[in-house]
Each structure stands twice: as structure tokens, then as C-alpha cells.
Amino acid sequence: MAEAKLLSGNDACVQGALAAGVRFFAGYPITPSTEIANAFARELPRRGGIFMQMEDEIASMGAIIGASCTGTKAVTATSGPGFSLMQENIGYAAIAEIPCVIINVMRYGPSTGLPTSPSQGDFMQTRWGSHGDRPVIVIAPYTAREAYRETGRAVNLSETYRVPVIVLMDEILGHLRERVEFRDEDLVQEISRKGPEPGKPFLPYENTEDGVPPFADFGTGYRYHITGLIHDETGFPTNNPVEVDTIMRRVNGKLDMHIRDIERTRFVDADDAEILIVAFGSVARSAHEVVRTLRNEGKAVGMVRPVTVWPFPDEDIRTAVAGKKAVIVPEMNLGQMVREVERVVAGAVPVHALNRIDGLLVTPHEIRDLVEDLL
Amino acid sequence: MGKKRFNVTVDRTICKACGICVAFCPMSVFTTDHDDKAVVSVPERCTGCRQCELLCPDFCITVVQVEEAADG
Amino acid sequence: MGEIHEKYLRMDKMPHIWCAGCGNGIIMGAFITAIDRLGYDKDEVAAVSGIGCSGRITGYMDFNTIHTTHGRALAFATGIKLAKPRLKVFVFMGDGDAVAIGGNHLIHACRRNLDMTAVIFNNHIYGMTGGQFSPTTFKNKNATTAPYGTTDPDFDIAQLCIGAGATYVARGTSYHARLLTDLIVKGAEHPGFSVIEVITHCPVNFGRRNNFESPAQMLLWQKEHGVAARKAKTMPLEDMEGKFTIGELYRSTEIPEYLEEYGRVIQAANEEKKS
Ligand SMILES: Cc1ncc(C[n+]2csc(CCOP(=O)(O)OP(=O)(O)O)c2C)c(N)n1
Ligand code: SF4
Ligand code: SF4
């Protein structure tokens, strides 16, 4: 497969989604995600797929859920203001368990913010943005190559676990064009949701052992009901406390049952490091650079990079920080992921936040200064 | 020629006592009971217009044509 | 219940939750009668609804059904239809659902002309939330959020949809149930986006507050105020004061259906790929 291409992160997302079998896109233009819509508009019709420019992001989210009800793999892409508008329907997809993928190319917020500047300000919103308890998988690539592979994986995880998956990009990753050399491990598989077992009675929200009920595509002979009201195993509304508790625990617990398949954490010189940097997305590029240069100087620095950022990789972080002198969490926000790290570390090691909120990337220089202070 | 006859029934168990059939039956076939639920009082007057069937929001009423036609 | 109900309703969900005398049940009856007349296979029908009393309709009918979010039924329906054009897609919305929170989706669905049929339950009030005024509540009516009477001008849903580009627009009432079935059949057969506005009644949250003593009185109001569109054309304007037209109001076959147009996009994209 070793094939080299010049790709932006946004283009890589599109290529990865197509490779995973996505045939439906609905969206509304917004910087810095617009290139994704442009590319889908070009590519989908060639593959017999549908590209739809909707009237807003609420409609875009609704349309991809609708398309997914028929078994079609569907994606939308947006940034801050649009991502905020999508929250109600993301919650819907989570509780109705309809696979779909949302690519959020983060820009500086709140509100209209700095449309062309990067940010990591939506880290918590991706997890908690809708009302109520809902599951979600969030994947944060850090290169174009990874954006390709991880968007493909996002589609597959969404299909496998019937859950909305968010690909968390940012302005830098979205726009940066990189020479990408695809290798065998970048090959994107096509995985589709499991369907009802023929001959077995179909319970659309069955409390299955693996936590994931089979999905019947609309128009395949299973006439059933989908609703955002809390429902029982048959899919119809219930307010029986036992049934409510059962479905809410299953829906919110199903990802934990498969956490090893969902989590993906990358380690760079972490084992023998004294100082550990925990970073994701484009900030991890700066952190990586710091590890490289300081290691050349013989300094014991390492990095842990959650690729799957939600569910947060508690175990990976806990093991990695054990016995370290200090942990640094650089972010382009006022400190969001650092709260998760602090929760997991639970006081065992000092945790230092490094935050930049001027619309610029956290530089290797800044991180290096802090590392050297702490060494 | 025999006059067509109809069998009108109300499913009392699902009637919500809204009074629509009573108000709109052009032949005043219905009255109400102590619960205000519909009662088929004078079925022989039914001409089979099916207005009650169409307007009952709870689908309680069925109007079925009776096979044999009595002489008028 | 008759054969039609047994064939098209989820009988184990009966009786429905709607209040005594509510127009929603009448509309559901007219709708399943239309489906029966159309002869559609139940597996090939997708019924999509928003949130409100009217939105509950999808839970009762034995099709591929989805109860979506408030105002967004058309967005979900658009995805379903585009992804599986074979399905016959019907969309059910209340007046608040369709022209307040979902107004943007409605006008754009009209403009696109994707082959779906929308049935809008216009009871002139927010039923489910207990009687707040909606964009179709007439002036000087009482609502919980208008204790001194409404001041807002109201929308004419059918005219709004004609203006926005829907290619089949009709208005029925829950009183004229036979006509309503006819209009739904015609709307479904029309290749393009069809809207059937249904003037209906909420006896509990609109009627009681606005001097209607019974559901029957509200149906009588529909009977007396609904004027056949053809007849209205010959009537002096002042005689139409306070009344509304019913029947087929607009139909156009000049504007192409959306998926037909999209077929050309696919063709162009494939030609470009080849060259
Ligand atoms: C986003 C959102 N806002 C508000 C509500 C609360 N809500 C539920 S139904 C409804 C209005 C119902 O009125 P209408 O659409 O006219 O339908 P009806 O109940 O009269 O059939 C509202 C405001 C909601 N569910 N979601
Ligand atoms: S119309 Fe139906 S629900 Fe209403 S009173 Fe008559 S039978 Fe009962
Ligand atoms: S509140 Fe009104 S619209 Fe809702 S079910 Fe009752 S009568 Fe019908």
C-alpha cells in the first residue's frame, strides 16, 4: 500500500470515511471544516452516494441520522457554532443508538470566536455537550495520516457499537497539508452494524450480552419504532423505573464492556521518562517535537497521547504516570483535559497545566521551558 | 326494494365519552350512558353514512351492513 | 375497530394517549385509510414525526416509524428518503413543530421538492406543553402564554408552503375526514414534496380556553368555516372573511423532483471521472 499523497487533514478525513464505506454526507459550511463538505460533494456522487447541503447543522445532524436508519453510513462535519447546534440530535443518536460520525474541526470559541484560529476548547463539549447522560466515542488524530485511518476507525466503531462517534480535529490539523505515506497498517476496513438474526424474534433494543442490540435497517421487513423518549427493549416509550434504569445503564455502559477495542493510546519514550507530557491533537505535535529534541540531549522526557480521548483512557494514563516526577498537560484551552488527568492521577504525581488561549498553537519552545523547569 | 340495514356497535371499553358521535349522527342513533359514553340507542335508524366511524377519534364504532334486507 | 385499524395500527398500543375528542385520532384514521387505498406495502412506508401530541402518531402505526426531535422531523425524513428512495416517506408535525421551531426545515423541504408527503396537524396551539400560543394561533385568542389575548399575527401554513415552493399543497380538516383521505392519497401520488395542512382541534388546551364547550363544537366550527377551494373562487371576498379554503390548493409538475435532479449530478460526476 506504500503510496504517497499530499493531503490536508480535512481531505484525509474524507478519504478515510469513504474507505470505510460512507455514502452519505449532510452538512452546512463552516470554517475551518468546509473543505470536508467540498470534498464529499465531489467524491460521493462518483460513488453513487449522496451529498446534501442542508439548511443548518441541526438539519444536517437529523439528515445523517435519518440516512443511517436505512443502513447507509453517514457523516457530517462542522466546527464550534455548528457543533453546538448539533447537540440535541447527537443525544438523540446516542439514546436511539443510531450509528453516525461527526467531524468537528475545532476553532476558537465561544460564539463566533476566532473562525480561522485553532483551539481545543470543545474537548469537554464533545463528551458532555448534550443534556442527559449519553455515551460517545471521541477520537483525536494528530496527523493527516492518522486522520485518514482514525476517521475510518470512527465509522467502524460507530457501526459496531451503535453510538455517535466524533472525530475531533482542529484548524491546524484540518488545513495542514502533509506528505502522507500510507502503509499496510493504514488500511481501512469496512465494518457494518450487526443485523437481526434471521428466525429469531427481533427486539430492537434487546439487552444483549455484549450490550449492543442488533440494528434493523428501515425497509428490510422489520417494522419497529425509534424514539428519543426513553424506551424499553421493544423500542416503545416507558417510564417504568426498572426499565428506564436498565436501558440507561446498558446504553451508557456498553462502551466500557469493549473499552480495549475502543481505546487507542500512543506512548513516546514514556517508560523511563521522568517528566511525562499528556497531549492530544495538534498540541501533541509540539509535545512530540519536545520529546525528540530533549531525548537527543539525554533528558528523560516522554509523551502519552490519547487518540481515543473519550472514553478517557484512565488505565493507560494511570499506568503511564506511576512513579513520574511530574506530568504536563498542554492544551489550547483554559484547562479541560487536565481535569481528566488530575482525576486519574489523583494526587499521586504533580500535574501542571500549560494553557494557551490566544488563538495560537502551544509551541515546542513553551513546553520545553516548562519541562526544563521541572527536571 | 328492501331498505339497507346496518349493525352499529360501540366498543365501550375504549370510548372516551367525547360526544362526537352523538353530535354528528344525522339520524340521532346514539345517546349517552351514565358515564357519558356512547350508546347505540336506535340502530334501526342508521342509514350507513359512517360519519360516526370516520369521526370517532378512538375508533370505537363499527358500522356493518346487515346481509338480509327487510321489507319496508 | 375495523379491518383497516387492525391492519395498520399497532393494536397492542391502543387506546392511544390523546384526550377525549382530540382530532389527532381522526387524522390517523384518515391516514391509514389513505395508505390502504394507495395499496402500499407496510414494509415500504416510513413514518417520521416530530415532538408534540401529534408526534405520537408514529408509535401507533405499523410501519417503519421514527419519532424524532421537536421541529426536526423533515430533516430526518430527508436523510431517509435520500438514502433509500424506494421508501414512501410521510412526515407528521404539529403547528409548533412545523412552523415555529421547524419552520426553517419546512421551507427548505418545500424548496427542494424531494418526493415526500408532510401532514401538518394545525390545532392552532401547543397541545403537549399545555396550551401556549403557536405561530398559527389567531389574534385575540387565549393561551397560557397569552393570558390577555394573543397579539401576534398568524401564519397561513398552506400559503407559506406554496410560497416556499412545495409542488402539491392541500388543506383539509379533521371534520372533513373523507376529503382528508383523498388529499393524502393525492399528495402521496404526487411526485415531489407535498404538504397537507389539516385544520384540527385541541379540545383541552385550545377549546376550553376559547369558548368551545365540546370537541363536537370545534368540529362544527371546521365544518362551518372550511370552504371548498373551488367554491371560494366564486364567492365575494367579504364572504370569505374568517373562513379558510379546503381541498387541493396548488399543484405543479413543472419543477423537477429532487432525486431526479440529483441523478444528473451523479451522471455528471461519473462522466468527469471517466474523462
Ligand atoms: C427543543 C425543544 N423545545 C421545546 C420542547 C417542548 N415541546 C414539546 S411539544 C411542544 C409543542 C407542541 O406543539 P405542536 O408542535 O403544535 O404540537 P401539538 O402538541 O399541538 O400536537 C414543545 C414546545 C421540546 N420538546 N423540544
Ligand atoms: S365518538 Fe367515539 S369516543 Fe367519542 S363518544 Fe362516540 S364512541 Fe365514544
Ligand atoms: S392536549 Fe390537545 S392536542 Fe394534545 S391530545 Fe389533548 S386534545 Fe389532543
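On a predicted model such as this, the values are computed, not experimentally measured, just so you know.

Caption draft 1: Focus on helix α2 (residues 34-43) of chain A. All names here are of chain A. Restricting attention to buried positions, one finds in α2 the residues I36, A37, A39, F40 and E43. Angular distribution of buried residues about the axis of α2 spans 165°; they occupy a single face of the element. Tucked into the core, α2 has its buried residues touching α1 (9-19), β2 (24-27), β3 (50-53), β4 (74-78) and β5 (100-106).

Caption draft 2: The packing of α1(A) against helix α6 (residues 144-161) of chain A, seen in detail. Residues and elements named next belong to chain A. Packing of α1 against α6 brings their axes to within 7 Å, and their N-to-C directions diverge by 35°. Note that α1 runs across α6; the crossing there is right-handed. Two secondary-structure elements touch here, α1 through G9, A12, C13, Q15, G16, A17 and A19 and α6 through A144, A147, Y148, T151, G152 and V155. Looking at the contact of α1 with α6 residue by residue, the classes come out as eight nonpolar, five polar and no charged.

Caption draft 3: Examining the site of ligand 1 more closely. Close contacts around ligand 1 come from 17 residues, with C53(C), S54(C), G96(C), D97(C) and G127(C) the closest. Residues lining ligand 1 come from chains A and C. Between C53(C) and ligand 1, the recorded distance is 2.8 Å, taken from a backbone N or O atom to an oxygen atom. Within the side chain of D95(C), a nitrogen or oxygen atom sits 3.0 Å from an oxygen atom of ligand 1. Across the complex, the protein chains shield 77% of the 590 Å² of accessible surface that ligand 1 would expose by itself. If one sorts the elements of the shell around ligand 1 by residue count, helix α5 (residues 95-101) of chain C sits on top with four residues. Its residues assigned to classes, the shell around ligand 1 shows six nonpolar, eight polar and three charged.

Caption draft 4: Looking closely at the nonpolar core. With 131 residues, the main nonpolar core has F40(A), I103(A), I226(A) and F193(C) as its most contacted residues. When residues of this core are sorted by domain, at least three fall in each of domain 1 (4-186) and domain 2 (264-374) of chain A. Setting aside residues no more than four positions away along its own chain, I226(A) makes contact with C69(A), Y92(A), A96(A), I98(A), Y205(A), F218(A), T65(C), I66(C) and H67(C). Membership of the second largest hydrophobic core comes to 34 residues, among which are F59(B), W18(C), I27(C) and M61(C).

Caption draft 5: Spatial organisation of the site of ligand 3. Around ligand 3, the surrounding shell consists of W18(C), C19(C), C22(C), C53(C), N123(C), G127(C), C202(C), P203(C) and N205(C). Grouping the constituent residues of the shell around ligand 3 by class yields six nonpolar, three polar and no charged.

Caption draft 6: The interface of chain B and chain C, seen in detail. Counting residues at the interface gives 16 residues for chain B and 24 residues for chain C. Around 1600 Å² of area is buried between chain B and chain C when both sides are counted, 70% of it from carbon and sulfur atoms. Run the count over chain B and chain C and you get zero salt bridges. In this assembly, chain B and chain C are joined by seven residue pairs in polar contact (both at pLDDT 80 or more). Of all the secondary-structure elements, those providing two or more residues to the side of chain B that touches chain C are α1 (20-24) and α2 (51-55) of chain B. Partitioning the side of chain B that touches chain C into residue classes produces ten nonpolar, three polar and three charged.

Caption draft 7: Representation of the side chain of E146(A) within the structure. Residue and element names in this part refer to chain A. In this structure, E146 sits in helix α6. Under the relative-accessibility criterion, E146 is labelled buried at 4%. For E146, the contacting residues outside a window of four places in its chain are A140, P141, T151, R305 and V307.

Caption draft 8: Region of the structure containing empty space enclosed by the protein. All names here are of chain B. Tallied over the full model, the rule gives three cavities of 30 Å³ or more. Taken together, 18 residues make up the lining of the largest cavity; nearest its centre are C15, A17, C18, C21 and C56. For the lining of the largest cavity, the element with the highest residue contribution is α1, accounting for three residues. Split by residue class, the lining of the largest cavity holds twelve nonpolar, two polar and four charged. Reported here for the second largest cavity is a volume of approximately 80 Å³. What lines the second largest cavity is a set of 14 residues, among which C25, V29, C46, C49 and C52 lie closest to the centre. Residues of the lining of the second largest cavity, tallied by class, amount to ten nonpolar, three polar and one charged.

Criteria and thresholds
For every chain, the first residue of the written sequence is number 1, and numbering continues from 1 along that sequence. Whichever chain is written first is A, and whichever ligand is written first is 1; the rest continue in order. Only residues with pLDDT of at least 70 get local features here, since the model is predicted, and only at 80 or more are side-chain atom pairs given and counted; chain-wide, interface and lining totals rely on the full set of residues. Water and hydrogen atoms play no part in the side-chain values, which are based on all heavy atoms of the structure. Between buried and exposed lies partly exposed: a residue is buried under 20% and exposed over 50% of the maximum accessible area for its type, with that area taken using a 1.4 Å probe on protein chains only. Secondary structure is summarised from DSSP: a helix means a run of H or I of at least four residues, a strand means a run of E of at least two, and numbering begins at the N terminus for each. Note: the arc covers the axis-to-C-beta directions of the helix. A contact between two residues is defined here by any heavy atoms of the two lying within 4.5 Å. Note on geometry: axes are lines fitted to C-alpha atoms, helical ones only across the stretch in contact, with angles between N-to-C directions running from 0 to 180 degrees. Here a crossing is taken to be left-handed if its near helix is turned anticlockwise relative to the far helix by less than a right angle, and right-handed if that turn runs clockwise. For this scheme, ten residues count as nonpolar: Ala, Val, Leu, Ile, Met, Phe, Trp, Tyr, Cys and Pro. Four count as charged, namely Asp, Glu, Lys and Arg, and the remainder, Gly too, count as polar. One heavy atom suffices: a residue is near a molecule or strand as soon as one of its heavy atoms comes within 4 Å of it. Two N or O atoms form a polar contact when they lie within 3.5 Å of each other; inside protein one atom must be a possible hydrogen donor and the other a possible acceptor, and for residues adjacent in sequence the pair counts only when both atoms belong to side chains. Residue burial considers only the protein chains on display, and all accessible areas are found by Shrake-Rupley using a 1.4 Å probe. Side-chain atoms within 4.5 Å link the members of a nonpolar core, which is a set of buried Ala, Val, Leu, Ile, Met, Phe, Trp, Tyr and Cys residues. Where each domain starts and ends comes from a domain assignment, either automatic or drawn from a database. Buried area is understood as the total, over both parts, of accessible area removed when two parts are fitted together, assessed with a 1.4 Å probe. By definition, a salt bridge exists where a carboxyl oxygen of Asp or Glu is found within 4 Å of a side-chain nitrogen of Lys or Arg. Grid points spaced at 1 Å over the protein atoms alone were grouped into cavities, where a 1.4 Å probe fits but cannot get out, and pockets, open sets with protein on both sides within 12 Å along at least five of seven lines, with lining residues defined by an atom within 4 Å of a point. Grid points are joined across faces, edges and corners, and a volume is the space filled by probe spheres set on the points.

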